[in-house]
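Survey of secondary and tertiary structure
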Amino acid sequence: MRLFLGQRAWVLQRVTALVLLILLALGAATLLTGPSRSYEGWHALATSTHGAVLIVVFFAALCLHGWIGVRDIVLDYIHAPALRLPLLALIAVILFAIFIRVVLTMAAHFAGGA
Amino acid sequence: MRARSASAPKFMNLSQIRFPVGAIASIGHRVSGVLLLVSLPLLALALDRSLRSESEFEALRDLVSEPWRALLLVILVWAAAHHVLAGVRHLLMDIGVGSRLSQARTSAWAAILAAGIIALAAAVRWLS
Amino acid sequence: MRVSIYRFNPETDAKPRMQDYDVAPEAGDKKLLDVLMRLKTMDDSLSFRRSCREGVCGSDAMNINGRNGLACLTSLPGLKEPVVLRPLPGFPVIRDLIVDMTQFFAHYHSIKPYLINNEVPPERERLQSPAEREKLNGLYECILCACCSAFCPSFWWNPDKFIGPAGLLQAYRFIADSRDTATAARLAYLDDVYRLYRCRTIMNCTEVCPKGLSPSHAIERIRLALVRESS
Ligand code: HEM
Ligand code: HEM
Ligand code: SF4
Ligand code: SF4
Ligand code: FES
């Protein structure tokens, strides 16, 4: 099986870009107006089921989108396998850790709020 | 033939090449993407702190009181603006909207200028 | 006029150098190639390729004042002086303005640049409707000069693996041909992080094509055809 076809990554990058675009617009609209400018408002929004799910989806899309993006950059500029593979692995691990961190954050506050 | 190519010189001096505006928009998209990605840990941290307590939430809003942090934020505002605008340009061009050369030149200029103006507005607001 | 030219002789030079020439164009000199030919009579060690001198053979592609183009299609009026001439960027230099095109043509051959159709041929010829023929406009005119691929940053970084705009335009020329029956196999071959997907739609290729073609548009069509194929 050819593991790394090009099309899947390309489509995934466009799809995650669209998701990010929509969530950023939504987020900007709610954060800049309305009650979430205060701590109580923001906390209530972020720990509601809607809010928490959207935040996790946002960071998932961000990590995937960023992963494909840096992967392309590494594929362009860094050719030595001895450098490329550890670097890709390091970036993947960091991105994954960030995502887990966000999930933990949301879980902690979500559990506390419920 | 092969052996000669391996030792042959190449002309590859980027400063001697006249880049079209699309190439500038494109490298800006790449640089801004990396900047955003590098700031991703900070974003996750900010999310965490904003939910912890009222004082931490308020502390985040005070970030721009330090000039060096305000400067970093201005750079990130540029990166976000350029990346999103150039990203939307790419998404449209991918489905054939505005992918003719003349239109692509215009949209590249528009993305570069608009991102610059947005960054300038942020700088005026936070740094003055 | 002053012309500054990249010189490299593999037998005597360790590194390339720039050499300035002062030359007075004569009445019949309309294009940059005319000046180069005049220089060649002054200094016969100066090496460059040319043949048709009218934008058909694709052999005198070079970097002219920082942009790739054909010397024979570059008009003298309007050229900024000194006119700086260098070989195509990113290609191995054989001598002066002559570059090694081996890899470029290997990519071209890799996309099977010929009609594939194993059905029994009709009595006279494989007919196309005017609409089907229309689809080949903007594709078949490519003269394989390599101006585009040698101006593509993605090709500079991965010249061995990325097919590059010229090869991809040629690939689409056969994908778009109603008489070709290998479309699915052609698309499957291109579905690869390197071969097709190194392109970041910078459009440097379309900027410099001396025939006014748009490889970036062909690439856009290939990517959309691949999406359609898999959905
Ligand atoms: C509304 C939000 C966004 C949109 C519309 C968007 C769009 C895009 C698109 C279409 C590409 C592919 C461009 C290409 O093929 O050259 C891309 C690349 C990239 N994006 Fe985003 N993006 C968004 C947000 C972000 C964010 C927030 C980050 C950072 C975490 C990011 C990081 C990257 C990176 C690193 C690349 C690779 C750049 C390259 O290949 O040259 N993007 N983005
Ligand atoms: C140790 C960690 C990892 C390494 C070293 C790694 C390495 C790579 C490499 C080298 C490629 C491109 C290969 C090529 O064609 O040259 C690739 C593609 C890809 N990787 Fe990973 N990867 C890692 C983890 C991940 C993770 C955690 C994800 C998902 C969250 C992921 C998703 C992808 C995707 C979507 C592609 C594109 C697949 C395609 O082109 O069809 N990878 N990876
Ligand atoms: S597409 Fe244009 S620039 Fe590229 S090889 Fe063909 S004729 Fe030359
Ligand atoms: S559009 Fe694609 S093929 Fe053309 S110059 Fe840009 S990256 Fe290269
Ligand atoms: S000499 Fe034939 S294309 Fe210029």
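Moving on, we come to the site of ligand 4. Residue and element names in this part refer to chain C. Surveying the vicinity of ligand 4 reveals the residues C152, S154, P165, C199, R200, T201, I202, M203, N204, C205, S216 and I219. Counting residues per element, the ones that place at least two in the shell around ligand 4 are α7 (204-208) and α8 (215-230). Classifying every residue of the shell around ligand 4 gives seven nonpolar, four polar and one charged.

Residues and elements named next belong to chain B. When pLDDT is averaged along chain B, the result is 93; 95% of the residues meet or exceed 70. Per-element confidence in chain B is highest for helix α2 (residues 21-38), whose mean pLDDT is 98, and lowest for helix α1 (residues 2-7), whose mean pLDDT is 56. Interface predicted TM-score (ipTM) for the complex: 0.90; the corresponding pTM is 0.89.

Looking now at the coordination of the iron atom of ligand 1. The coordination sphere of the iron atom of ligand 1, as far as protein atoms go, consists of H65 of chain A (NE2) and H83 of chain B (NE2), spread over 2.0 Å. Every donor counted, the six donor atoms about the iron atom of ligand 1 form angles of 84 to 180 degrees at the centre, which fits octahedral coordination. Taken as a pair, H65 of chain A in helix α3 (residues 49-77) and H83 of chain B in helix α5 (residues 67-94) lie in two separate chains rather than in one. The buried category is assigned to H83 of chain B, whose relative accessible area is 16%.

This brings us to the packing of helix α1 (residues 6-32) of chain A against α3 of chain A. Residues and elements named next belong to chain A. Across the interface, α1 lies against α3 with an axial gap of 9 Å and an inter-helix angle of 140 degrees. Judged by the inter-axis angle, α1 sits oblique to α3. With respect to the hand of their crossing, α1 and α3 are arranged in left-handed fashion. Each of A9, L12, Q13, T16, A17, V19, L20, L23, L24 and L26 in α1 lies in contact with α3, whose residues at this interface are L54, V57, F58, A61, L62, L64, H65, I68, G69, R71 and D72. For the contact of α1 with α3, the class distribution of residues is 15 nonpolar, four polar and two charged.

A word on the environment of S50 of chain B. Turning to its location among the elements, S50 of chain B is positioned in helix α3 (residues 40-52). C-alpha of S50 of chain B to C-alpha of P67 of chain B: the two residues are 17 residues apart in sequence and 21 Å apart in space. When near neighbours in sequence (up to four residues on either side) are disregarded, S50 of chain B contacts Y39 and W42 of chain A together with F57 and L60 of chain B. Looking at S50 of chain B, its side chain comes within polar contact range of the side chain of W42 of chain A, at 2.7 Å.

Definitions and limits used
Residues numbered from 1 in each chain as written. Chains lettered and ligands numbered in written order. Predicted model: local features only at pLDDT ≥ 70, side-chain atom pairs only at ≥ 80, totals over all residues. Heavy atoms only, no water. Near = heavy atom within 4 Å. Helix = DSSP H or I, 4+ residues; strand = E, 2+ residues; numbered from the N terminus. Nonpolar A, V, L, I, M, F, W, Y, C, P; charged D, E, K, R; others polar. pLDDT = per-residue confidence, 0-100. Donors = N, O, S within 2.8 Å, 3.2 Å for Na, K, Ca; no water. Tetrahedral: all angles 85-135°; square planar, octahedral: opposite > 155°, others 65-115°. Buried < 20%, exposed > 50% of the residue type's maximum accessible area, 1.4 Å probe, protein only. Axes fitted to C-alpha atoms, helices over the stretch in contact; angles between N-to-C directions. Parallel < 35°, antiparallel > 145°, perpendicular 65-115°, else oblique. Left-handed = near helix turned anticlockwise from the far one by under 90°. Contact = heavy atoms within 4.5 Å. Polar contact = N/O pair within 3.5 Å; in protein donor to acceptor, adjacent residues only side chain to side chain.

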